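Residue-level structural notes
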Amino acid sequence: MFDVIVIGAGVVGAAIARELSQYDLKILVLEKSVEPGQGTTKANSAVVHAGYDCKAGSLKAKMNVLGNKLYPELAKKLKFPFMQNGSFVIAFDDEEMETLKALYQQGLENGCEQLELWSREKTLQEEPALSSQVRGSLYSALAGVTDPFLACYAFLDQGILNGVELKCEEKVIALEKRGQGLRVLTRKGSYESRYVINAAGLYSDKIANMAGDFDFVIHPTKGEYRMIESKDNPVVKRTIFQTPTKKGKGVLVAMTTHGNYITGPTSRVVDNPECSDVDDEGLAVLDECSKKSVPGLNFMRSIRVFSGVRAKPDTGDFMIYASKNMQGVIHVGGIESPGLASAPAIGLYVKELLEKSGCVLHQKENFIDELPEPVIMHRLSFQEQEKKIRENPKYGKMICRCESVSEGEIVDALHYPCPSRTLDGVKRRVRAGMGRCQGGFCAPRVLEILCRELHLEPTEILKEDQGSFLVTGKLKEDA
Ligand SMILES: Cc1cc2nc3c(=O)[nH]c(=O)nc-3n(C[C@H](O)[C@H](O)[C@H](O)COP(=O)(O)OP(=O)(O)OC[C@H]3O[C@@H](n4cnc5c(N)ncnc54)[C@H](O)[C@@H]3O)c2cc1C
C-alpha cells in the first residue's frame, strides 16, 4: 500500500514526487515510457517564463510567477542548468506596442517583478542583432532558460534518493476505489494507494475520465523547432519573443543553457499526441518568423529540427483539482506552457491539495536537500581533468567529439538514482549525440557501453521508447 501514486514522470510528475519526498510518505511514480521525461518535457522552448503573459487571476499566472521564483535556488541545490538571462517581447508596430503595455500591466497584476518597457533605441542597444524594424520591447530581467530533461531528472534523482520509487513501462489503464483507498491498474499489474496524482500530460484528460471526471479535454497542439549552433550566428543574449497573438506566444529566438540557439515553436492542432514530425510548411513559417526578429540567423548552422506537443486544455487554464467523483484522486491536467516554469510551484500546490484532502504530512528528518555536482569534463580546468582521469581513466576517453563527452560521463548516466537506459536517455542526460553529427560518430560506441554496463545484447538496446530497436540482428556470426 502506497501513500501516494503519481501517474506520469514528466517534469510535473517529477516535481510533485520531489516535493512530496520531503515528507514521511511511501511514494510510487508510474510512467508508461521506458524512461522519464519522454512526453512534452522532452521538446519545448525551455524558458522559465516570468509570468506576465498569463491571464491575471488564472492558476497559470499564480503557478508561473511562483515557479519562476523557485527555480534559481532549486537549480543551485539540484545542480541542473538555469540561466537567468532575461527576455524581451518585441513589437513591430503601434498596435503591438499597445499589447506590450497591456502585458506590462498584466505582469504587475500577476506579481511579476523587474519588468520594464524599453524604447527602440534601448532595445537595439542591448540586443544589436534584432531587426531594425523593432519599435520597442517589454523586458523581463527574471525570465530564464533551463534544461527541461535535466530539471526533470534532477527532481526524480532527489525524489528517489529520498525514497520515491519509479517504475517505467507501467501504463495506467484504470483507476478503482478499493475500500478506504484506491487501486491503480497498469498493463503489468496493480498497485494500491491512499492518494493518486494524475500528472499524465497529454493523457491527463483520459486519466481524469478513468476517475469519472470529464471537466476538460486536451487538444494536442504541435510546435516545431530548429536548433542552431551559435557559431557563425549573430549574438543574441536574451530570449526574444514576438508580441503574442490569440494563437499563442509566437516564435522565439533563444539561447539554450548549452550555448546553442533555438527558434520556434509553430502552433498546429494535431490528432495524434505522439506525433513528432516536422514538415516543410512548418519549417518555412518558423524560419520566416524567426528571421523577422533576428534577420542575421544562419540556418546553415542548423543542428536539427524537432517538434513537441502541448497538452492544451479546452478550459484555457491549468486543471489542478481534487476529483469530485473518486476521493483521493488529484488531477494535474492541461499543463501546457508555462508548465515547465510552473512545475516546482505545482509540486507545492499539490502538496496543499493533499493536505486539504486529509493527508497528514510529517517532515522527514533525514531529507537529502542537495544533489552532488555531476562530472562534466569539458567544464573542468586542465588540472581538474587530470585529477579526474587519474581517479578513473574512463573520464579520459572521449566518446562524443561534438559535445566532448567522455566514457566516464556516459557510465555515470547509467548509474544516477534515476538511471538512463536508452541511447536517447544517455543523450539527454550527458549530451552524447546532441551535437552537430547527432550521434553519427558516437552512437555505436554509446551502444557498446550500454550493452557492457547493463549486461544486454545490442539487439536489446532501444533508441528511445518501446520498440525503437537500434540493431535488429547480426549480418554474420562472430569468427
Ligand atoms: C512547443 C512547446 C513549447 C513549450 N515551451 C515552454 C516553455 O518555454 N516554458 C514552459 O514553462 N513550458 C513550455 N511548454 C510546456 C511544458 O513543456 C509542459 O507544460 C511540461 O513539459 C508538461 O510536463 P508534464 O509532466 O505535465 O507532461 P509530460 O512531460 O508529457 O509528462 C507526462 C508523462 O505522463 C506519462 N503518461 C501519460 N499517460 C500515462 C499513463 N496512462 N500511464 C503512465 N504514464 C503516463 C507520459 O509518458 C509522460 O512521460 C512548452 C510545450 C510545448 C509543446
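Here, the structure is the one placed above.
Attention in this report is confined to the structure presented alongside it. (Residues numbered from 1 in each chain as written. Predicted model: local features only at pLDDT ≥ 70, side-chain atom pairs only at ≥ 80, totals over all residues. Heavy atoms only, no water.)

1. Things to note about the site of the ligand
- If you check the shell around the ligand, you find 41 residues, and the closest are Glu 31, Thr 41, Val 47, Ile 335 and Ala 341.
- Here Leu 340 contributes a backbone N or O atom positioned 3.0 Å from an oxygen atom of the ligand.
- Taken by itself the ligand offers 1,000 Å² of open surface, and the protein chains cover 97% of this.
- Put simply, the parts of the chain that give the shell around the ligand at least two residues each are helix H1 (11-20), strand S13 (218-228), strand S18 (302-313) and helix H8 (339-356).
- Across the shell around the ligand, the residue classes break down as 20 nonpolar, 15 polar and six charged. (Near = heavy atom within 4 Å. Polar contact = N/O pair within 3.5 Å; in protein donor to acceptor, adjacent residues only side chain to side chain. Areas by Shrake-Rupley, 256 points an atom, 1.4 Å probe, with all protein chains shown as cover. Helix = DSSP H or I, 4+ residues; strand = E, 2+ residues; numbered from the N terminus. Nonpolar A, V, L, I, M, F, W, Y, C, P; charged D, E, K, R; others polar.)

2. With respect to the packing of helix H5 (residues 148-161) against helix H11 (residues 423-430)
- The contact between H5 and H11 brings their axes to 8 Å, and the two run at 95°. Accordingly, the angle class assigned to the pair H5 and H11 is roughly perpendicular. On H11, the residues touching Phe 149, Leu 150, Tyr 153 and Asp 157 of H5 are Gly 425, Arg 428 and Arg 429.
- Residue classes in the contact of H5 with H11 are distributed as three nonpolar, one polar and three charged. (Axes fitted to C-alpha atoms, helices over the stretch in contact; angles between N-to-C directions. Parallel < 35°, antiparallel > 145°, perpendicular 65-115°, else oblique. Contact = heavy atoms within 4.5 Å.)

3. So, helix H3 (residues 94-110)
- Between its first and last C-alpha atoms H3 spans 24 Å; for 17 residues at 1.5 Å apiece the expected length is 24 Å, and the two agree.
- Every buried residue of H3 is accounted for by Glu 96, Met 97, Leu 100, Leu 103, Gln 106, Gly 107 and Asn 110.
- Among the structural elements, helix H2 (59-78), strand S5 (87-91), strand S6 (115-119) and strand S7 (136-140) are those in contact with the buried residues of H3.
- Of the residues flanking the start of H3, the one acting as N-cap is Asp 93, its side-chain oxygen 3.2 Å from the backbone nitrogen of Glu 95.
- Just beyond H3, the residue with positive phi is Gly 111, at close to 90°. (Expected span 1.5 Å × (residues − 1). Buried < 20%, exposed > 50% of the residue type's maximum accessible area, 1.4 Å probe, protein only.)

4. A word on unusual backbone geometry
- The omega torsion of the bond from Gly 264 to Pro 265 falls at -5°, within 30 degrees of zero and hence cis.
- In this model, Ser 337 is joined to Pro 338 through a cis peptide bond whose omega is 10°.
- With respect to the secondary-structure elements, Pro 338 resides in the loop between strand S20 (329-333) and H8.
- Its identity is not glycine, yet Arg 431 carries a phi of approximately 75°, on the positive side.
- With respect to the helices, strands and loops of the structure, Arg 431 is situated in the loop between H11 and helix H12 (443-454).

5. A few points about the sheet that holds strand S8 (residues 144-146)
- Spatially, the three strands line up as an open sheet ordered S3-S8-S4, and their pairing is antiparallel. Only two strands of the sheet have a single neighbouring strand rather than two, namely strand S3 (47-48) and strand S4 (82-83).
- Pairing analysis gives two bridges linking S4 to S8, with the strands arranged antiparallel. Paired with Phe 82 across the strands is Thr 146, a residue of S8. (Pairing = 2+ DSSP bridges.)

6. Focus: the packing of aromatic side chains
- Enumeration according to the criterion identifies seven aromatic pairs in this entry.
- Where Phe 80 meets Phe 155, the ring centres are 5.7 Å apart and the plane angle is 80°; that geometry is what we call edge-to-face. Taken together, the positions of Phe 80 in the loop between H2 and S4 and Phe 155 in helix H5 put the pair 75 residues apart, joining distant regions of the chain.
- Classification of Phe 80 by relative accessible area gives buried; the value is 5%.
- These aromatic residues form a ring-pair network of at least three members: Tyr 71, Phe 80, Phe 82 and Phe 155.
- Above the face of the Phe 441 ring, Arg 445 is positioned so that its terminal group lies 4.5 Å from the ring centre. (Phe/Tyr/Trp six-rings, centres within 6.5 Å; stacked < 30°, edge-to-face > 60°. Lys NZ or Arg CZ within 6 Å of the ring centre and 35° of its normal.)

7. Some points on H12
- Between its first and last C-alpha, H12 extends 16 Å over 12 residues, near the 16 Å set by a 1.5 Å rise per residue.
- Among all positions in H12, only Val 446, Leu 447, Ile 449, Leu 450, Cys 451, Glu 453 and Leu 454 are buried.
- Those residues of H12 that are buried lie in contact with strand S21 (398-400), helix H10 (407-413) and H11.
- Of the residues flanking the end of H12, it is His 455, one or two places downstream, whose phi is positive at about 55°.

8. Some words on the environment of Ala 17
- By the secondary structure assignment, Ala 17 is in helix H1.
- A relative accessible area of 1% means that Ala 17 is categorised as buried.
- If near-sequence neighbours (up to four positions away) are discounted, Ala 17 is found in contact with Ile 27, Val 29 and Val 164.

9. So, the side chain of Asn 85
- Relative to the elements of secondary structure, Asn 85 occurs in the loop between S4 and S5.
- Taking relative accessible area as the criterion, Asn 85 reaches 14% and is therefore assigned buried.
- Polar contacts involving the side chain of Asn 85 include one to the main-chain carbonyl oxygen of Lys 237, which spans 3.0 Å.
- Excluding residues that lie within four positions of it along the chain, Asn 85 makes contacts with Ala 143, Gly 144, Val 145, Lys 237, Arg 238 and Thr 239.

These figures capture arrangement, not role.
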